[in-house]
Amino acid sequence: MPYGLYISAEGAQAQSRRLEIIANNMANVDTVGFKRELAIFQARYAEAVEQGQAKPGSGSIDDTGGGIMLRRTVTDYSPGPMKRTESPTDVAISGEGFFLVEKDQQQYLTRAGNFRLTERGELVTQQGYAVLSDNGSPIAIDPRNGPCEVTPAGAVRQGAASQNLALVRPASPDSLVKVGENLFRPMGDPQPVAAGQRRVASGYLELSGVRPTTELVQMIEASRAVEANLSMMRAQDQMLSGLVTRVMRA
């Protein structure tokens, strides 16, 4: 089978996976605090080079290149735009850092600050996961003692009582793993944001980091790349079929 057929098939598969990533980004264009994914491609060596039968850069027929492959996906942690909601339980982080929440006795990080209060006065995420304070305990207030406020330094204050929201940063962005529901699992122990760097905006939300126009352009580009690779596969298949027919007639 022609080597080019394999290269075109690999290209179509890689671009199809890219389309899936872009579609997921588009589906979360209205998800608070969502961070978009990016597809990272890498050129493949020719099969002979992969098998150690040729050297890369030799320029021989065995070093014609092996197309591309999807190496990995990375998360773009750029801050999303802010939206004023005036809701006292909506909080946006200004700058670096993540909120710390607890799900099934495990701690996770999130940038989604669209919190809510339960009937018992517990501050939770939209999915019902406890929002933690800087001492690792769930934040709760007594609804009978009046309303609460969140200070610019991230303290949940109700009268004389005050609890600091846990604001943490991972050792590196590469140490975070997406686990769904807008949550990240840290591979190492996250470090608290220094007191002088704690900045939040009460009554605001950080919106999705997805830019619809950018994603739409990339979706069109990826779709055309898929179609181009499929066209190449059809052309090579027809060439092979024609060759076989001529040989059979000879």
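Calculation rules
Residues numbered from 1 in each chain as written. Predicted model: local features only at pLDDT ≥ 70, side-chain atom pairs only at ≥ 80, totals over all residues. Heavy atoms only, no water. Core = buried A, V, L, I, M, F, W, Y, C linked by side-chain atoms within 4.5 Å. Buried < 20%, exposed > 50% of the residue type's maximum accessible area, 1.4 Å probe, protein only. Helix = DSSP H or I, 4+ residues; strand = E, 2+ residues; numbered from the N terminus. Contact = heavy atoms within 4.5 Å. Pairing = 2+ DSSP bridges. Phe/Tyr/Trp six-rings, centres within 6.5 Å; stacked < 30°, edge-to-face > 60°.

Judged by nonpolar contacts, the single largest core of 19 residues is most densely connected at Val-91, Phe-99, Val-156 and Leu-165. At the level of secondary structure, the elements contributing two or more residues to this core comprise β4 (91-93) and β5 (98-103). Leave out the neighbours within four places in its chain, and Val-91 touches Phe-99, Gly-113, Phe-115, Val-150, Leu-165, Val-200, Ala-201, Tyr-204 and Leu-205. With 8 residues, the next largest nonpolar core counts Leu-132, Ala-166, Val-168 and Phe-184 among its residues.

Before going further, it helps to examine the pairing of strand β12 (residues 161-164). As paired elements, strand β11 (residues 155-158) and β12 share 4 bridges and run antiparallel to each other. Bridge pairing links Gln-158 to Ala-161 in β12. Joining the antiparallel neighbours β11 and β12 is a turn of 2 residues, in which Gly-159 adopts a positive phi near 65°.

Here we come to the packing of aromatic side chains. Evaluated as defined, the whole model comprises 4 aromatic pairs. Here the aromatic rings of Tyr-77 and Phe-184 are separated by 5.7 Å at their centres, their planes lie at 50°, and the arrangement is tilted. With a gap of 107 residues between them, Tyr-77 in the loop between β2 (68-75) and β3 (82-84) and Phe-184 in strand β15 (residues 183-186) connect regions that are remote in the sequence. What makes Phe-184 buried here is its relative accessible area of 1%. Taking 5.0 Å as the distance between ring centres and 75° as the angle between the ring planes, the aromatic pair formed by Phe-99 and Phe-115 counts as edge-to-face. Taken together, the residues Phe-99 in strand β5 and Phe-115 in the loop between β6 (106-110) and β7 (116-117) connect sequence positions 16 residues apart. Accessibility classification places Phe-99 together with Phe-115 in one group, the buried group. Put simply, the rings of Tyr-77, Phe-98 and Phe-184 touch in pairs and so form one group of aromatic residues.

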